[in-house]
Amino acid sequence: MTITSFNPATDAVLAELPSHDEAAIEKKLDDAASAQRQWARTPLAERMALLKRVAQALREQKAEMAPLATLEMGKPLAESLGEVEKCAWNFDVYADAAPRFLADQVVASSASDSRIVFDPLGVVLAVMPWNYPFWQVMRAAAPVLAGGNGMVLKHASNVPQCALALEAVFERAGAPKGLFTTLLVGSGEVARLIDDRRIHAVTFTGSTPAGRSIASQAGRALKKQVLELGGSDPFIVLADADVEAAAAVAVKARFQNTGQSCIAAKRFIVEHAAADRFVEAFVAGARKLVVGDPMTDGTTQGAMAKRNLRDELHAQVQASVQQGAKLLMGGKPVAGPGAFYEPTVLDHVAPTMTAASEETFGPAAAILRVADADEAVRVANGTPFGLGAALWTSDLDRARQLTRQIDAGAVFVNGMVASDPRLPFGGTKESGYGRELGALGLHEFTNIKTVWTGPART
Ligand code: NAP
């Protein structure tokens, strides 16, 4: 069996890679288990030194790695370079902060020494998506490894070269063999991997339907899981906001990574009094996007990662127009080879229309006009998702109240939602549960152990 590495910008096959057979999977799981046992006993300072070397290896390999992401999933090369750099930053942040995050927490108590200690869980299976083929994996890997765990990666089938490049980074950094290992297998193998005795926990990033399936398998196996799923993030602009600044940030929030980001702003919920100004500035910004060869300097919107995803996006746009949305720009695939789609803006979208009620995973923005802040929050919360949200207003007291009313794992005021190694990241409702990044992301994959010690008895 082979896994095909395919360029969605040109429709060319890049490579056919042999997938791992039964014997190879067994060997890799054995290696992962024994590497992790050793790693769990490795002094913290040595573990942190490896994290630093991984950061260094990423920077050294950036020029070779970044084009792989662009070739396999179509994002502009400048974005791929930034992605590798962010992975390195993440490893640096954890190398510096993890000793503090993992320090014993002493709980005040009179006669005893009561403390919380953070022990490793074991080997974590990471099932990951293609949209940030390096970042999604390394976002999870740094805290998992810092905590004394190992990681087995089952990456998305359309980014096999990226998956192997990540394994190579750990080799280059001198990680124990198997501590981070890539399995080239299809999604059909995931259930038995979850069941395997050498796997102790699961971290999944991807679509909500796949998350449901993985959650039920991990639930049956009683294994800890963190789920980072889909989203339809609202980007609320109230009438008192700096509308032009909001619109400029909104273009980036929707169209970066060719719109294929879980935390991309997907629904722009704008108070009537600001709507015309916002729409004018937003469309002007979107018209400046340069769609084309993602390997070429100056391209700001590359190809979508798969043709079927482009078809799905197009069907959502068409359905929304039929339902009464007003198409302001774009609205169709770019003719010729590659899975390119025109930057698309839909105005007068109602909450029940497809572009607002479903996740749109590509370069299409939905603008919803609302009467006031209360309606904005109601509309923002009116989906099954709850990943991120942005809120633009000049009244920070009101903002603080509104942030508590929005169902989301993160609310960014006067900015766009972004992940940051120092801050917890994750969703609520059908966007998943558990947290990555920050101290909480590290604690997710530890055994949070209570140690109570009474006075010594002789
Ligand atoms: P996907 O189809 O769910 O695939 C993600 C991973 O899961 C891939 O490795 C895939 O393997 C595997 N997979 C698919 N179906 C599976 C199943 N039934 N059982 C076990 N494994 C399965 O998602 P995607 O299309 O790659 O990514 C887009 C989605 O991910 C969007 O919904 C997006 O919002 C979400 N996402 C969320 C976050 C977040 O942090 N919350 C971040 C990025 C993306 P194969 O490739 O072999 O099928």
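As shown above, the structure is provided for reference.
In this report, we go over the structure that sits alongside the text. (Residues numbered from 1 in each chain as written. Predicted model: local features only at pLDDT ≥ 70, side-chain atom pairs only at ≥ 80, totals over all residues. Heavy atoms only, no water.)

Brief notes about the environment of Leu17
Okay, step 1: With respect to the element layout, Leu17 can be found in strand β2 (residues 12–18).
Okay, step 2: For Leu17 and Pro160, which are 143 residues apart along the polypeptide, the C-alpha to C-alpha distance reads 7.7 Å.
Okay, step 3: For Leu17, the residues in contact, after removing those within four places along its chain, are Met1, Thr2, Ile3, Pro160, Gln161, Leu164 and Leu184. (Helix = DSSP H or I, 4+ residues; strand = E, 2+ residues; numbered from the N terminus. Contact = heavy atoms within 4.5 Å.)

Quick look at the site of the ligand
Okay, step 1: Close contacts around the ligand come from 29 residues, with Trp130, Ser157, Ser207, Leu229 and Glu359 the closest.
Okay, step 2: Between the ligand and the protein, one listed contact pairs an oxygen atom with a backbone N or O atom of Ala156 at 3.4 Å.
Okay, step 3: Contact between the ligand and Gly206: an oxygen atom at 3.3 Å from a main-chain N or O atom of the residue.
Okay, step 4: Compared with its free state, where it exposes 900 Å², the ligand has 85% of that area covered by protein.
Okay, step 5: Contributing elements (two or more residues each) for the shell around the ligand: α4 (135–146), β8 (201–205) and α7 (208–220).
Okay, step 6: With 3 residues, the top contributor of residues to the shell around the ligand is α7.
Okay, step 7: Its residues assigned to classes, the shell around the ligand shows 14 nonpolar, 11 polar and 4 charged. (Near = heavy atom within 4 Å. Polar contact = N/O pair within 3.5 Å; in protein donor to acceptor, adjacent residues only side chain to side chain. Areas by Shrake-Rupley, 256 points an atom, 1.4 Å probe, with all protein chains shown as cover. Nonpolar A, V, L, I, M, F, W, Y, C, P; charged D, E, K, R; others polar.)

With respect to the sheet that holds strand β4 (residues 113–120)
Okay, step 1: Spatially, 3 strands are ordered β3-β4-β18 in an open sheet, and the strand pairing comes out antiparallel. On the outer flanks of this sheet lie β3 (105–107) and β18 (446–453), each paired with one strand and no other. Shown here is a sheet whose adjacent strand axes are inclined to one another by a mean of 25°, direction ignored.
Okay, step 2: Inspection of the sheet shows β3 paired to β4 by 3 bridges, in the antiparallel sense. By the bridge assignment, Val107 is partnered in β4 with Ser114. (Pairing = 2+ DSSP bridges. Axes fitted to C-alpha atoms, helices over the stretch in contact; angles between N-to-C directions.)

Let's talk about the layout of surface pockets
Okay, step 1: Each pocket or cavity is described by its volume, and for the largest pocket that value is around 1000 Å³.
Okay, step 2: Residue lining of the largest pocket: 41 residues in total, with Pro129, Trp130, Gly206, Ser207 and Ala210 positioned closest to the centre.
Okay, step 3: Listing elements by their share of the lining of the largest pocket, those giving two or more residues are α6 (190–195), β8, α7 and α10 (307–322).
Okay, step 4: If you tally residues by element for the lining of the largest pocket, the top one is α7, at 7 residues.
Okay, step 5: Partitioning the lining of the largest pocket into residue classes produces 17 nonpolar, 16 polar and 8 charged.
Okay, step 6: When residues are assigned to domains, the lining of the largest pocket turns out to be shared by domain 1 (2–229 + 427–453) and domain 2 (233–413), each giving three or more.
Okay, step 7: Forming the walls of the second largest pocket are 22 residues, and the residues nearest its centre are Lys86, Tyr132, Gln256, Met416 and Ser419.
Okay, step 8: Elements that contribute at least two residues to the lining of the second largest pocket include exactly α3 (77–102), α4 and α8 (243–255).
Okay, step 9: Taken together, the residues that form the lining of the second largest pocket break down as 10 nonpolar, 6 polar and 6 charged.
Okay, step 10: Two domains each donate at least three residues to the lining of the second largest pocket, and these are domain 1 (2–229 + 427–453) and domain 2 (233–413). (1 Å grid on protein atoms, 1.4 Å probe; cavity = no way out; pocket = protein on both sides within 12 Å on 5 of 7 lines; lining within 4 Å. Points joined across faces, edges and corners; volume = space filled by probe spheres on them. Domains from an automatic or database assignment.)

Re α7
Okay, step 1: Between the first and last C-alpha of α7 there are 18 Å, a value that for 13 residues agrees with the 18 Å anticipated at 1.5 Å per step.
Okay, step 2: Residues of α7 that are buried include every one of Thr208, Gly211, Ile214, Ala215, Gln217 and Ala218, and no others.
Okay, step 3: Check the buried side of α7 and you find it contacts β5 (123–127), α6, β8, β9 (224–228) and β17 (432–433).
Okay, step 4: Leu222 occupies a position one or two residues after α7 and carries a positive phi of about 55°. (Expected span 1.5 Å × (residues − 1). Buried < 20%, exposed > 50% of the residue type's maximum accessible area, 1.4 Å probe, protein only.)

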